[in-house]
Structures are given as structure tokens and as C-alpha cells.
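# Close look at the chain arrangement
As a plain string of letters, each chain reads:
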Amino acid sequence: MSRLLLLFLALNFLLIAPLWWRFGEVGTHLLAWEALIIAPLMLLLPVGPTRRVVAVGVVSWVILATAVNLGTAATQMAFARSLNLYLDVPLLRSIYHLLVGNVGQLLAVCAMLAGVASLFAITLILVRLLLPPVAYSVKRLPGVLALTLLVIATSSAALELSGIRLVDSARLPMVNTTRFQWQQITDTHAARLAFTAQLASAPLEARQLPGLEGRNVLLTFIESYGISALENPRYSGVLLPTLAEMQQRLEARDLHVVSGMLTAPIRGGQSWLAHATTLSGRWIDNQLWYRLMLDSGHATLIDDFRATGQRTLSVMPAITLAWPEGEAYGFDEIAAAKDIAYSGPALNWVTMPDQFTLDYTQRYLLGETPVFAQLALISSHAPWTPILPVLEDWSSIGDGRIFAPWESAGDPPEVLWQEIERIRDHYAWSVEYAVKVTGRWAERVVDDNTLMIVLGDHQAAPLITGDDASAAVPVHIISGDPELLVPFIERGFVPGTLPTLEEASSAPRMSQLRHWLQADFGEL
């Protein structure tokens, strides 16, 4: 009897606990019917090879379902969506590198080894529990009880599958997860075929943009700068004064700014998908679409501006490994972390502060000829510590060693991330720093011959924004030539640095930006 109870409790906990994390509550998910089926069934099966085969299959299914449900809880928290095995397995490498950047390689490797060891231990324990030396006999009380539970649980599970729920807190997590993932796999595969056909049959060709010929165009992404930073009272008190100051300072230098919003394809992470969406003019909301788009030779804004006569540049301080995607885009020059002569300290995941990146770009990368530059800033990337000030004397930045005092400033991530309210405060301060330093840089580089497009790459994770926040991000268009801003005003942008927040739910897709540039500055 004790083995039956212990086996049921172990299976039930493995299958139900991920749902507690996913939904943030315990009461609505207490019983997994599969646990009440598997436990008595395995104890009733006669000893022999068949039982061992069934045990291996059951353990494999339980472990896989549990892992997928844990992954779903994690992706829901990070990206506000469910796990998709067809798309998300390649992200494991990115997760590892993010972990290394935040806690160091040693702790990251130890964490992964601990996870593997735990999985191995759980598997052994389940196998031991599922394979008792002697099977239960239906001629004795434990066997009768096991058979009764098996019949009740199987009948209840069958009714649950047909839509009749006998117990409000009971679910079929193994079955539901398997069905959901299989449906996602088939749907995503069909969507992949359709997307591939679309790339081939309806290509977006490169077009000259004579309205921007001879001008510098600076496409600047601010990490995790979503509309929640402006409309959520928790953060707006920090960001709105900074935007107001930014507007005043730009106007004092005869620079003009209009603002609006675009809807990002992702939330919480995978910034490169937002970059790809903006550059390609297509909705790229997953890694597979990203790879298919790049492999297809699809024309992008890089090709548009090359056809217009600009040199093309990508500044990517977060890229620390080989980046073949940059070559696939076809940039004339790529400045990844190793290509930027920074002698200061890394600040947890952040390889270098945004102010250094922007200053270095101005001094060494923009050059004297017209350029289209994509810059991906990173100071407002999690873990949002330490918080840096904006240095007023840009000439003091030099090779970055001036940032050394902030290497150990503030709490490390493992301390900060124990308190959710402190995490949210640091998020606001990090984004405020990134927005402020970008505005100060605009004062230095924008003139009558420059169009600067500043936008968030995506909203922060639901941990910061809440589950129901929109996917919109702020967009600021800055130039010394007011005529360059007229097309954006005609598309609903408003003067100043504050977009019309009430329109966040209907913000156009980020992929529209390329189409707007072609329509408004392209050949007639």
C-alpha cells in the first residue's frame, strides 16, 4: 500500500507542479489523472520483460511531459507565449550563453550539471518505484484497491477527454501537453511550408530610396524599451521626465522629433527577431522564420540603402561569438564586441555600456560618407544591474576604462533577483539610462542631413509588464530637417517624444517600417 501511495504522490507532483508555476496558483491543479492510472497499473502488471518495456515508456513520457511543461512555464514568463518544440529547441544555446553572461561560466555549467543529475536521479527513483519485486495480486486487498483506483481513474480520464470534468482540480497534463505540442508541430510545419512559398513567390525586392540619398540613417534599437515603460505608472514616473527633458534639449539644438508606436513580433527576448522584422519588412516572430528569411537571400533595408548609395554598418556589442547572420544580411561592415576597442569591464551580461558604444560609433565607425547604420544597444538588458549614470563629459570616455568603478557597483544579479519589486525598479532605471544616453547622443550626431530612428526592440518579460500588456514599443524619429519627419506625421506620429499611448493596442506592425520608407522616400 505504501508503494502505491508513494508512487502516486511522486508522479502527481512531477506532473502537477509545473502547472502551479505556470498559472501561479495551486488550488486549481491538484490531481493528474495519469498519475492515478499509472501507479496502480504498473503495480498490477506481472513481473517480466513486458513490464520493463512499459516502465521505460511511462518514465520517458512522464519526464518529457514534465520538462515540456516546465519549459512552457519558463517561456510564458520570459516571452508571454507557450513553448513550441518545433521552434524553440535551438534556443537552448542562447539560454546557456545568457546564463553564462549573468552568473559566469562555472556557475552556469554547475547549474546545468545539477539539472542533468536531478533528471537522472528522478528517472532512477521512478523506475525503482514502478518495478516492485512482486506484482500486486487482485486476490489481496492492495491489489483490489489498486484495480479499483485504476478503473475509477481511467473512467474519469475518459470523461475528461470527452469534455465532462468530474473533479474541478483534476487535469490530464501528460495527454494535454502531448496533444498540444503535436498540434503545434503540425501547424508550424504547415506554416513553414507556406512561409517558404511566400518568400519564393512574393519577394520584397530592393528599392532605391532617393528621398534619403546622401543622408545618414541611424536605426537605433533600445533593449527592452516597451510601451509599458511609458504607460505603466510603476515606470512612467521614471521615463516620462526623461523623455520631456530629451525633447527640450533636442529643440534647444534645433532638432525635431516625432514619436509613435510599432508592434514588436516578440516579447521578453530574442531581440534579433525584432531586428529581422524591421530590416526585412516581414513578420519574423520565431527562429525558424528568421533562418528561412536569411537563407532565402531576401532583400532587406541593407539592400535598399546600398542601392541608394549608403555604406551599411551594423554595431552589435552583444555579439561575442561568430555571427554568420550578419554576413547573410550583407552589411558592408560589422562591429561586434570583439571589433570594438573597449578596455573597460563587462557589466554582468552587458559587454559594454551604451554610452561607450555610441561614442565609439561616432568617433570610429560612422565615417565621412553617407551611412545606414543599425545599432543594437544593450545596457537595458536583464539583469538590469549595475545602473550607470550618463557621463556629461563624453571626451572622458576614451577606451572605456572610466567605467571600471561600476564593475562591482550595486548588487549582483543573484542578490537583486530575489526581490521582484527591486527587479522592477532596476528595469525602469536601466531603460531610463538607455533612453537618456541615446537622446544625448542624438544631440551630438543628428543634423540636417541625418534621420535617426530610435525604437524599442520589444517589451520586457511579463515579470515586468504583466501578462496582458501589449507588444507595442515606442518609436522616436529625430532629424534636423523637419521635412524628413512629415511622412511619419502623416502616418499618425505626433510631435515630441511622447507617442499617443491610447493607440498602443492598434499600433502597426514593426515590419511596416521598411514599407513606409520605400513608399515615402522611394522612387515614384
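What comes next concerns the included structure. Everything numeric here is computed off the predicted structure, so don't read it as measured data.

## Observations regarding the overall build of the protein chain
In terms of regular secondary structure, the protein chain is built from 20 helices and 10 strands. Taken over the C-alpha atoms alone, the protein chain extends approximately 90 × 55 × 40 Å along its principal axes. The contacts in the protein chain between residues at least 6 apart in sequence include a share of 78% that link residues at least 24 apart. Of the roughly 23100 Å² of accessible surface on the protein chain, a fraction of 61% belongs to carbon and sulfur atoms. Of the side-chain charges in the protein chain, 34 are positive and 48 negative, and the distance between the mean point of each set is 14 Å.

## Considering the nonpolar core
Buried together is how nonpolar side chains tend to be arranged in soluble globular proteins. With 63 residues, the main nonpolar core has W441 and I478 as its most contacted residues. Of all the elements, helix 17 (residues 420-445) adds the most residues to this core, at 11 residues. Dropping the residues within four chain positions of it, W441 is found in contact with L218, T220, L358, D359, T361, Q362, L366, L375, W394 and M452. Membership of the second largest hydrophobic core comes to 48 residues, among which are Y290, A336, A376 and I477.

## Let's talk about empty space enclosed by the protein
For the structure shown, the criterion picks out two cavities of 30 Å³ or more. In this structure, the largest cavity encloses a volume near 100 Å³. If you trace the largest cavity, you find 13 residues lining it, with V350, S379, T385, P386 and L388 closest to the centre. Its volume calculated, the second largest cavity comes out at about 40 Å³. Taken together, T242, E245, M246, R249, K436, G439, R440 and E443 make up the full set of residues lining the second largest cavity. Breaking the lining of the second largest cavity down by element, the ones donating at least two residues are helix 10 (233-252) and helix 17.

## Re the environment of S379
By secondary structure assignment, the location of S379 is in the loop between strand 7 (371-376) and helix 16 (413-416). Judged by its relative accessible area of 13%, S379 falls in the buried class. With 155 residues separating them along the chain, S379 and S224 place their C-alpha atoms 9.6 Å apart. Sequence-distant contacts of S379, that is, excluding residues within four places in its chain, are made with V350, M352, P353, D354, S430 and Y433.

## Topic: the pairing of strand 6 (residues 333-336)
On a regular strand, each side chain points to the face opposite its neighbour's, so the side chains alternate between the two faces of the sheet. Where strand 5 (residues 311-316) lies against strand 6, four bridges are found, and the strand directions are parallel. Within strand 6, the residue paired with M316 across the bridge is A336.

## Section: helix 7 (residues 141-161)
Think of an α-helix as 3.6 residues a turn; residues three or four steps apart then line up on the same face. Taking 1.5 Å of rise per residue, 21 residues should cover 30 Å, and helix 7 covers 30 Å from first to last C-alpha, within 8% of that figure. Residues of helix 7 that are buried include every one of G143, A146, L150, A153, S156, A157 and E160, and no others. Down the axis of helix 7, the sector holding all buried residues measures 160 degrees, keeping them to one side. Buried residues along helix 7 sit against helix 1 (2-23), helix 2 (33-44) and strand 2 (170-171).

## As for the sheet that holds strand 10 (residues 494-495)
Pairing is mixed across the open sheet formed by eight strands, whose spatial order is 6-5-7-3-8-9-4-10. Each edge of the open sheet carries a strand with a single partner, namely strand 6 and strand 10. Helix-sheet contacts for helix 11 (residues 271-280) involve strand 3 (216-222), strand 5, strand 7 and strand 8 (450-456), and the interaxial angle to strand 3 is about 150 degrees.

## Side note on the pattern of salt bridges
As enumerated under the stated definition, the model contains 19 salt bridges in all. Salt-bridge contacts for D295 lead to R291; the nearest nitrogen and oxygen are separated by 2.9 Å. Within this pair, D295 and its partner R291 are both found in helix 12 (residues 287-295), separated by four residues, close to a single helical turn. For D332, the salt bridge identified is with R306, shortest N-O distance 3.5 Å. With a gap of 26 residues between them, D332 in the loop between helix 14 (324-329) and strand 6 and R306 in helix 13 (residues 301-308) connect regions that are remote in the sequence. We classify D332 as partly exposed; its relative accessible area is 47%. Owing to a relative accessible area of 33%, R306 belongs among the partly exposed residues under this scheme. If you follow the salt bridges from partner to partner, you end up with R234, E421, R424 and D425 in one network.

## Comments concerning the packing of aromatic side chains
For the coordinates displayed, the defined rule picks out 13 aromatic pairs. With centroids separated by 6.0 Å and ring planes inclined at 75 degrees, the aromatic side chains of F13 and W20 adopt a geometry described as edge-to-face. Centroid distance Y329 to F331: 5.9 Å. Interplanar angle 65 degrees. Geometry classified as edge-to-face. Of the residues examined, Y329 reaches a relative accessible area of 6% and is grouped as buried.

## Section: a nonpolar patch on the surface
Side chains of L159, I164, L166 and V167 sit close together on the surface and give an oily, nonpolar patch of about 310 Å² of accessible area. With respect to the element layout, L166 can be found in the loop between helix 7 and strand 2. L166 gets classed as exposed once you look at its relative accessible area, which sits at 53%.

## Some remarks on helix 15 (residues 354-365)
Burial runs high along helix 15: nine of the 12 residues are buried. Turning to helix 15, its buried residues are D354, Q355, F356, T357, L358, D359, Y360, T361 and L365. Residues of helix 15 that are buried in the fold lie against strand 5, strand 6, strand 7 and helix 17.

## Looking at the packing of helix 11 against helix 12
Two elements in contact, helix 11 and helix 12, have axes separated by 10 Å at closest approach and are oriented at 40 degrees. Classified by the angle their axes make, helix 11 and helix 12 are oblique. Between helix 11 and helix 12 lies a crossing of left-handed hand. Residues W272, L273, A276 and S280 of helix 11 form the contact with helix 12, whose own contacting residues are Q287, Y290 and M293. A per-class count over the contact of helix 11 with helix 12 returns five nonpolar, two polar and no charged.

Reading the values: rules and limits
Residues numbered from 1 in each chain as written. Predicted model: local features only at pLDDT ≥ 70, side-chain atom pairs only at ≥ 80, totals over all residues. Heavy atoms only, no water. Helix = DSSP H or I, 4+ residues; strand = E, 2+ residues; numbered from the N terminus. Contact = heavy atoms within 4.5 Å. Areas by Shrake-Rupley, 256 points an atom, 1.4 Å probe, with all protein chains shown as cover. Lys, Arg positive; Asp, Glu negative; His and termini not counted. Charge placed at Lys NZ, Arg CZ, Asp CG, Glu CD. Core = buried A, V, L, I, M, F, W, Y, C linked by side-chain atoms within 4.5 Å. Buried < 20%, exposed > 50% of the residue type's maximum accessible area, 1.4 Å probe, protein only. 1 Å grid on protein atoms, 1.4 Å probe; cavity = no way out; pocket = protein on both sides within 12 Å on 5 of 7 lines; lining within 4 Å. Points joined across faces, edges and corners; volume = space filled by probe spheres on them. Pairing = 2+ DSSP bridges. Expected span 1.5 Å × (residues − 1). Arc of directions from axis to C-beta. Axes fitted to C-alpha atoms, helices over the stretch in contact; angles between N-to-C directions. Salt bridge = Lys/Arg side-chain N within 4 Å of Asp/Glu carboxyl O. Phe/Tyr/Trp six-rings, centres within 6.5 Å; stacked < 30°, edge-to-face > 60°. Patch = residues over 30% accessible without salt bridge, like charges linked within 9 Å, V, L, I, M, F, W, Y side chains within 5 Å. Parallel < 35°, antiparallel > 145°, perpendicular 65-115°, else oblique. Left-handed = near helix turned anticlockwise from the far one by under 90°. Nonpolar A, V, L, I, M, F, W, Y, C, P; charged D, E, K, R; others polar.

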